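# Examining the three-dimensional arrangement
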Amino acid sequence: MALSIWAPALPAAAQELRVGLSAEPSSVDPHFHNLTPNHQLRSHVFESLTDQDKNQQPIPKLAESVRAVDPTTWEFKLRRGVKFTDGTEFTARDVIFSYCRVPKVENSPSSLVVSMRAIATMTAPDPYTIIVTTTQPHPVLANELSNIAIISAKAAGAPENLAFNRAGCTGMEAWPKTEDFNNLKLAVGTGPFRYVSFTRGDRIVLERNDAYWGDKPAWQRVTFRPITQAAARVAALLAGDVDFIENPPIQDLPRIKQNPQFVTAEALSSRIIYLHFNYLTETAPPGVTDTGGRNPFRDRRVREAISLAIDRDAIVARIMGGVAVAAAELLPNPLPGTNAGIKPERPNIERARKLLAEAGYPNGFGLVLATPNDRYINDGQVAQAVAQMLTRIGIKTQIDAMTASTFFARRNRAEFGFWLSGWAADTAEMSNPLRALAATPDRNRGMGTTNPGGYSNPAMDAKLFEALTVVDDARRNALLAEASRMAMSDFGLIPLHFEVSVWAFKRGLTYTAQMNQYTRAELVQQAPASR
């Protein structure tokens, strides 16, 4: 799943690592936005009870051990001797405060509540033990909790006796504001680095936390520069302005790989690039024309026609330069809950046109495809290719491309009828994308949190709910695979491809590529000297 590239070391150890980011985090607040750029940044400063290894399997972090006492009870033994960067000791109080705070975050574009919906109670019998009970058996809890950062209760002025309440914790007059993290007032973590500055649109500067409880990073200082324009990011690497970049453009990979001064690392990711629909109204949603006022996406035949119009292999070969994998589901096989027998849809223009005619659109209709143009690898170009392919079957498609920040805000307000987006599975198993993207939206159950189009398949929901309560891995994965088949055969959303993540950096450095696509400065090392 992952490949680490090693190269000869430079003769002297650099103290600063300069990193070019492909997307800028929307906030320093570790609870604000369930988004990869935010998660990867916060992991440098704020840690969780659990973490993930390079293949997204759960490993201990602030909890030194995790034990399932019974199917609905979990015991987390906390690591002793851990301190926040302000010198205060990490205890169970900080865990309870952090979990209480997550639902209180104002104006979150995508809440992290989804990662803690299964929790019924959380108590601390002593300062170094957390007991969690779930509403029903929830075997993926340890992996889900890797998303919830632990913040300092003392720094935020939390009361000593704050108690977790699933319905909403009480006992604080005012919960921490996102702005107090962005201005670094509350940016107090336990991680390998601490914040020095956060300047939007320019740079984020970290320095090594020399009191860190774990292995110390190689770098005294790390500077992250958001360089969202791909060519500019490569130019910065080649010119020596940065040492390490994420997501170099596909077309520049041969040039980078042939240059003896640079090396790369690659990993198949769990990120699916997909198309989604607005099902909310019977009338035509935004951007849809020439349908007699009807919403064409409510007809399965239209959705299947759209899937059949798309040549996924051509997108992978021509747009992604072969650095992607055509998708049949929301996770790559053989990850848990996937189906080996489902293959990517092959284009069939004649069948697609026939389905449109049967649905009452013999002449097609008009459509606007919304897309970010700076969030995913070649996202704008992929959208253009999809538009051309849909036009071939009579769906005259225009592109509405925009920055990621604008796109997510408008998508969450249901301003699009049809859009291209991406999703990285936090737990690398099928329940994660199904819950977020395909389940009927239900805030109280943490379902459909990134399904603003309102797709609903009650039979699939039931199968998913059943799977989430099964402790036996084999049986749970079989149920998840069945739920996936139901969503895919209904064409509730259309998978396109999985990204293959690429990092490029100066020779003399190494990086262990991460399936979750995170760029983590503490994993950048100097290569051992060649002999």
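That block above? That's the structure.
All of these numbers come straight from a predicted model, not from anything done at the bench.

### Digging into the pairing of strand β6 (residues 73-78)
The element β6 is largely enclosed, with a buried count of 5 among its 6 residues. Of the strand pairs in this sheet, strand β5 (residues 63-70) and β6 are connected by 6 bridges, and their pairing is antiparallel. Within the sheet, the bridge partner assigned to Asp 70 lies in β6 and is Thr 73. Here β5 folds back onto β6, and the loop between the two strands holds 2 residues. As defined by bridge partners, β6 adjoins strand β8 (residues 129-134) across 5 bridges and the pair is classed as antiparallel. Within β8, the position partnered with Lys 77 by the bridge is Thr 129.

### Examining the packing of helix α8 (residues 312-319) against helix α10 (residues 379-392)
Two numbers describe how α8 lies on α10: the axes approach to 11 Å, and their chain directions differ by 140°. Considering the angle they form, α8 stands oblique to α10. For the element pair α8 and α10, the recorded crossing hand is right-handed. Together, Ala 314, Ile 315 and Ile 319 of α8 and Gln 381, Val 382, Ala 385, Val 386 and Met 389 of α10 make up the contact between the two elements.

### Regarding unusual backbone geometry
In this model, Asn 333 is joined to Pro 334 through a cis peptide bond whose omega is 20°. Look at Gln 56: it is not a glycine, yet its phi comes out positive at around 65°. The residue Gln 56 is located in the loop between β3 (50-52) and β4 (58-60) in this model.

### With respect to the sheet that holds β5
By way of backbone hydrogen bonds, the strands of a sheet pair with one another, either parallel or antiparallel. Taken in spatial order, the 4 strands of this open sheet run β5-β6-β8-β7, and their pairing is antiparallel. Each having just a single partner strand, β5 and β7 (119-126) make up the two edges of the open sheet. Across this sheet, the average inter-strand angle for adjacent strands is 20°, counted without regard to direction. Pairing analysis gives 5 bridges linking β7 to β8, with the strands arranged antiparallel.

### Here we look at the environment of Gly 394
Note on placement: Gly 394 falls in the loop between α10 and β16 (395-402). On the basis of relative accessibility, which here comes to 19%, the residue Gly 394 falls in the buried class. On a C-alpha basis, the gap between Gly 394 and Gly 366 in space is 8.5 Å, while along the polypeptide they are 28 residues apart. Not counting the four nearest positions on each side in its chain, Gly 394 is found in contact with Asn 363, Gly 364 and Phe 365.

### Here we look at the state of the cysteines
Enumeration over the complete set of coordinates arrives at 1 disulfide. Cys 100 shares a disulfide with Cys 169; S-S distance 2.1 Å. With the S-S dihedral at roughly -75°, the linkage between Cys 100 and Cys 169 falls on the left-handed side. Here the residue Cys 100 occupies a position in helix α2 (residues 92-101), and Cys 169 occupies one in the loop between α3 (141-144) and α4 (178-182), the gap between them amounting to 69 residues. Of the two residues, Cys 100 and Cys 169, neither departs from the other in class, the shared state being buried.

### Some words on the pattern of salt bridges
Applying the stated criterion to the full structure yields 28 salt bridges. Arg 303 is paired through a salt bridge with Asp 490; the nearest N and O atoms lie 3.1 Å apart. Of this pair, Arg 303 sits in helix α7 (residues 300-309) while Asp 490 sits in the loop between α14 (473-489) and β18 (494-506), placing them 187 residues apart in sequence. The same class applies to Arg 303 and to Asp 490, which are both buried. Between Arg 410 and Glu 415 there is a salt bridge, with the nearest N and O atoms lying 2.8 Å from each other. Here Arg 410 falls in the partly exposed class, since its relative accessible area comes to 23%. Within this structure, Glu 47, Asp 51, Lys 61, Arg 520 and Glu 522 form a network of salt bridges that share partners.

Cut-off values and rules
- Residues numbered from 1 in each chain as written.
- Predicted model: local features only at pLDDT ≥ 70, side-chain atom pairs only at ≥ 80, totals over all residues.
- Heavy atoms only, no water.
- Buried < 20%, exposed > 50% of the residue type's maximum accessible area, 1.4 Å probe, protein only.
- Helix = DSSP H or I, 4+ residues; strand = E, 2+ residues; numbered from the N terminus.
- Pairing = 2+ DSSP bridges.
- Axes fitted to C-alpha atoms, helices over the stretch in contact; angles between N-to-C directions.
- Parallel < 35°, antiparallel > 145°, perpendicular 65-115°, else oblique.
- Left-handed = near helix turned anticlockwise from the far one by under 90°.
- Contact = heavy atoms within 4.5 Å.
- Disulfide = S-S within 2.5 Å.
- Salt bridge = Lys/Arg side-chain N within 4 Å of Asp/Glu carboxyl O.

Such coordinate-based values are descriptive only and should not be taken to indicate function.
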